[in-house]
Structure formats: structure tokens, C-alpha cells
Amino acid sequence: RPQNNAERLASAERLADLYAGRLMADSDDPVKYQEVLRKIGLLVEKVPQAKTPSLEVMLLQAEYQRVEGLMGKSLDTPGETAARDEAVAILARITPQLDQQQQELQATLDRLSAEVEKLPAGDPRDSKEKQLQRLQPVAGRAAYFAAWCHYYQARALPTSPDASSAITRARDIFRKLLGL
């Protein structure tokens, strides 16, 4: 059992990551999925600091995986509109959140990089570099899933007035992510 606040927070963050992994594994089972969401909610209620950018991105990634399955059904069966409509509803909710996470994480990475450059070698610099190393994959994951969400928005509703801007946004995010 954790003895101090730092240990309690570290344990809560590890548990949140485990729950998020479970959420992704159970994304095809609505009952299990909702149960894991409930547990994450209870954890965050007890330890609000457990709601880290990493957990938020993982939660959005789990929702994205549901979209991917629904879009697969929709594309395999062109007359299937229920799966597409559910995917579109989820995309409408998670795409702006992923965009926001990606932008906030990138701003944090930029700020940390600037701070690291100003610090001499030593513990403070090492600490900032470790923080950068932890956040870089989270920012990359947020960008990756944001790009795919924009792509699927355009693919789900190709005749929508927003389809062109969604595909352009997807392309721009992928280009930046791949360094093109």
C-alpha cells in the first residue's frame, strides 16, 4: 500500500494506464467497456491527478478503435448506415478532443525543449529531458489518432461540405507527424 502522496499518485497513474489498456482490449464488448469506463471514473474521482494527458489520449484511442471497427462494418456493407452513423457520432465527439490534446501536448513539448536548452547539465536538465521523453510518444499518439479521425470523417460522409477540410487536416497532421 502506498505510504505517501507521491507513491499514491504513481500507483494511481499505473492503474489508470492498466485500465486504459483494458479499455482498448474490451472496445468490442459494450458491457466490459462500460465497466472499465466506470472503474476509470471512480479512480479519477478518488485521485484526480490520475487523469493525465496519457490517460486522456488512451481513452480517446479506445474510442477511436470503436470507430475503426464500425467503419470497417460500414465499408464492408455499403447499405449499412447504423454502424457509419454511430462512427460519425463518436468522431464528432473525439476528433476535437484529440486535436486539442495534440496541440496542448505539442505546446508543452516546445516549452520543455526550450527549457532544456537553457539548463546546464545536471539533475534539473535530466528531469526535464525525462519528462520530454515521456510526453513525446503521447503527443505522437494524439496526432496519429487525430489524423485518422479526420480521415474517417471525410470517408464516412464524402458528400459533406466538411469532407474536403477533414481530408486536408488529416493530410497536414500526417505530414507533420512523418516530418514531410
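Look a little higher up for the structure.
Once that is clear, we can look at the overall build of the protein chain. When helices and strands are tallied, the protein chain shows 6 helices and 0 strands. Reading the helices (α) and strands (β) of the protein chain from amino to carboxyl end gives α-α-α-α-α-α. Dimensions along the principal axes, computed over C-alpha positions, put the protein chain at roughly 60 × 40 × 20 Å. Across the protein chain, contacts joining residues at least 24 apart in sequence account for 65% of those joining residues at least 6 apart. For the protein chain, the exposed area adds up to about 10,800 Å²; of that, 52% sits on carbon and sulfur atoms. With 25 positive and 25 negative side-chain charges, the protein chain shows a separation of 2 Å between the mean positions of the two kinds.

So, about the packing of aromatic side chains. Across all of its chains, the model carries 9 aromatic pairs by this definition. Ring geometry for tryptophan 148 and phenylalanine 174: centres 5.3 Å apart, planes at 80 degrees, overall edge-to-face. Placement of the pair is tryptophan 148 in helix 5 (residues 123-156) and phenylalanine 174 in helix 6 (residues 163-178), with a sequence separation of 26 residues. Taking the relative accessible area as the measure of exposure, tryptophan 148 reaches 25% and is therefore partly exposed. We classify phenylalanine 174 as partly exposed; its relative accessible area is 22%.

Now for the layout of surface pockets. Reported here for the largest pocket is a volume of approximately 360 Å³. As for the largest pocket, its lining consists of 14 residues, of which Thr52, Pro53, Ser54, Arg134 and Leu135 are closest to the centre. Residue assignment for the lining of the largest pocket shows that the elements contributing at least two residues are helix 1 (5-25), helix 3 (53-76), helix 4 (82-118) and helix 5. Looking at the lining of the largest pocket, its residues break down into 4 nonpolar, 5 polar and 5 charged.

Here is what the cut-offs are and how they apply
- Residues numbered from 1 in each chain as written.
- Predicted model: local features only at pLDDT ≥ 70, side-chain atom pairs only at ≥ 80, totals over all residues.
- Heavy atoms only, no water.
- Helix = DSSP H or I, 4+ residues; strand = E, 2+ residues; numbered from the N terminus.
- Contact = heavy atoms within 4.5 Å.
- Areas by Shrake-Rupley, 256 points an atom, 1.4 Å probe, with all protein chains shown as cover.
- Lys, Arg positive; Asp, Glu negative; His and termini not counted.
- Charge placed at Lys NZ, Arg CZ, Asp CG, Glu CD.
- Phe/Tyr/Trp six-rings, centres within 6.5 Å; stacked < 30°, edge-to-face > 60°.
- Buried < 20%, exposed > 50% of the residue type's maximum accessible area, 1.4 Å probe, protein only.
- 1 Å grid on protein atoms, 1.4 Å probe; cavity = no way out; pocket = protein on both sides within 12 Å on 5 of 7 lines; lining within 4 Å.
- Points joined across faces, edges and corners; volume = space filled by probe spheres on them.
- Nonpolar A, V, L, I, M, F, W, Y, C, P; charged D, E, K, R; others polar.

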